[in-house]
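The lines below spell out each chain.
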Amino acid sequence: MPRDAHSRRRIAERCWQVYDLISRHFQPAPDFHLEFPEAAELAILSGALQARVVISPQHTLIIHEEYEVREHELVVAFYSYMLLAEGDRVRLRADPLPHHRVDYRGHKLAHFPHHLHDEHGRIQSFSGRLEDFLARAAALIAR
Amino acid sequence: MKPKKLSKQSFLQRVLSGQLKTDQALARLTEQLHRYEKQYNMRSEVFYKLIVGTPAEDHPDFLAWAICYRSYFRVLQAQLSAEGASALAP
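Residues numbered from 1 in each chain as written. Chains lettered and ligands numbered in written order. Predicted model: local features only at pLDDT ≥ 70, side-chain atom pairs only at ≥ 80, totals over all residues.

**Notes on the overall build of chain B**
Here's step 1: Counting its secondary structure elements, chain B contains four helices and zero strands.
Here's step 2: Secondary structure elements of chain B, listed N to C terminal, follow the sequence α-α-α-α.
Here's step 3: For 90 residues, the compact-globule estimate of 2.2 N^0.38 gives 12 Å, and chain B exceeds it by more than 25% at 17 Å.
Here's step 4: Taking the principal axes of its C-alpha atoms as reference, chain B extends roughly 50 × 40 × 20 Å.
Here's step 5: Buried positions account for 18% of the 90 residues belonging to chain B.
Here's step 6: Within chain B, contacts between residues at least 6 apart in sequence are counted, and of these 59% link residues at least 24 apart. (Helix = DSSP H or I, 4+ residues; strand = E, 2+ residues; numbered from the N terminus. Rg over C-alpha atoms; globule rule 2.2 N^0.38 Å. Buried ≥ 20, exposed ≤ 12 C-beta atoms within 10 Å, placed from the backbone. Contact = placed C-beta atoms within 7 Å.)

Below, the structure is given as structure tokens:
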């Protein structure tokens, strides 16, 4: 639980990064600018960001990040990123659970345990970075 | 007027103002946990013991449920620590 001012500030800054990244990659519904800061407030108290963002009439992003402060630095200790289509159908999702070691072609994951489940449910390598996930989601939507 | 993107300064001021209290945070997290418990007909502590750490955890709802469960305990722990500290205060 991030109780000291330093930890609270670090989490608030990470939430700003997430907010900024989403705003740059997509044009979320106007409510996003009211609702996301509320999610960030909860993140500061709970140590975990949980955000559901409508980015188009057909698509929703789900961003979950769990934080730890190690040696004064904020670390995303765990995450789950998802792009949902209508009916909450999963189009893309990423997480660092260590249950996959190879991609769907049998190649070692480039950044184990980070991996991505593509729209066909296949395992692919993934950097673990939110910006990469958002870029990939934007490309998928634009197709 | 539609809300616009916040500047970094406005965003940080807003989220660091401390408007959300721990009991409100606990209420929100409890509501989310109850939703999962109802959907999967399983109590959160049972879910956490049986599913988390196994391959079955690799499911969108289960990942979110596990994060929510850990979040709840972090907030609860902080609230209890704060209450304990204030009880010890002269």
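**Regarding the interface of chain A and chain B**
Interfaces are often sized by the amount of accessible area the parts lose when they come together.
Here's step 1: Facing the 32 residues of chain A at the interface are 31 residues of chain B.
Here's step 2: Elements supplying a minimum of two residues to the side of chain A that touches chain B: α1 (5–25), α2 (32–46), β1 (48–54), β2 (60–70), β3 (73–85) and β4 (89–95) of chain A.
Here's step 3: For the side of chain A that touches chain B, the element with the most residues is α2(A), which contributes nine residues.
Here's step 4: Considered class by class, the residues forming the side of chain A that touches chain B number 17 nonpolar, eight polar and seven charged. (Nonpolar A, V, L, I, M, F, W, Y, C, P; charged D, E, K, R; others polar.)

**Points about the packing of α2(A) against helix α1 (residues 8–15) of chain B**
Here's step 1: Where α2(A) contacts α1(B), the two axes come as close as 9 Å, and the packing angle between them is 50 degrees. Between α2(A) and α1(B), the interaxial angle falls into the category oblique. Crossing of α2(A) over α1(B) shows right-handed handedness. Contacts between α2(A) and α1(B) involve A:Pro37, A:Ala40, A:Glu41 and A:Ile44 on the former and, on the latter, B:Phe11, B:Arg14 and B:Val15.
Here's step 2: Here the residues of the contact of α2(A) with α1(B) are counted per class, giving five nonpolar, no polar and two charged. (Axes fitted to C-alpha atoms, helices over the stretch in contact; angles between N-to-C directions. Parallel < 35°, antiparallel > 145°, perpendicular 65-115°, else oblique. Left-handed = near helix turned anticlockwise from the far one by under 90°.)

**Observations concerning the sheet that holds strand β5 (residues 115–117) of chain A**
The pairing of strands in a sheet comes from backbone hydrogen bonds and takes either a parallel or an antiparallel form.
Residue and element names in this part refer to chain A.
Here's step 1: A sheet is described by the order of its strands in space; here six strands give the open sequence β1-β2-β3-β4-β5-β6, paired in antiparallel fashion. Two strands bound the open sheet, and with one partner strand each, they are β1 and β6 (123–125). Averaged over all neighbouring strand pairs, the angle between strand axes comes to 20 degrees, with direction disregarded.
Here's step 2: Two elements, β3 and β4, share five bridges in a ladder whose sense is antiparallel. Residue pairing for β4: Ala-85 is matched across the bridge by Arg-89.
Here's step 3: Packed onto the sheet, α1 meets β1, β2 and β3 and runs at close to 155 degrees relative to β2. (Pairing = 2+ DSSP bridges.)

**Side note on the packing of α1(A) against α2(A)**
All names here are of chain A.
Here's step 1: In the contact formed by α1 and α2, the axes pass within 9 Å of each other and the chain directions differ by 150 degrees. Accordingly, the angle class assigned to the pair α1 and α2 is roughly antiparallel. Between α1 and α2 lies a crossing of right-handed hand. Where α1 approaches α2, its residues Arg-8, Ile-11, Ala-12, Cys-15 and Tyr-19 are matched on the opposing element by Phe-36, Ala-40, Ala-43 and Ile-44.
Here's step 2: Looking at the contact of α1 with α2, its residues break down into eight nonpolar, no polar and one charged.

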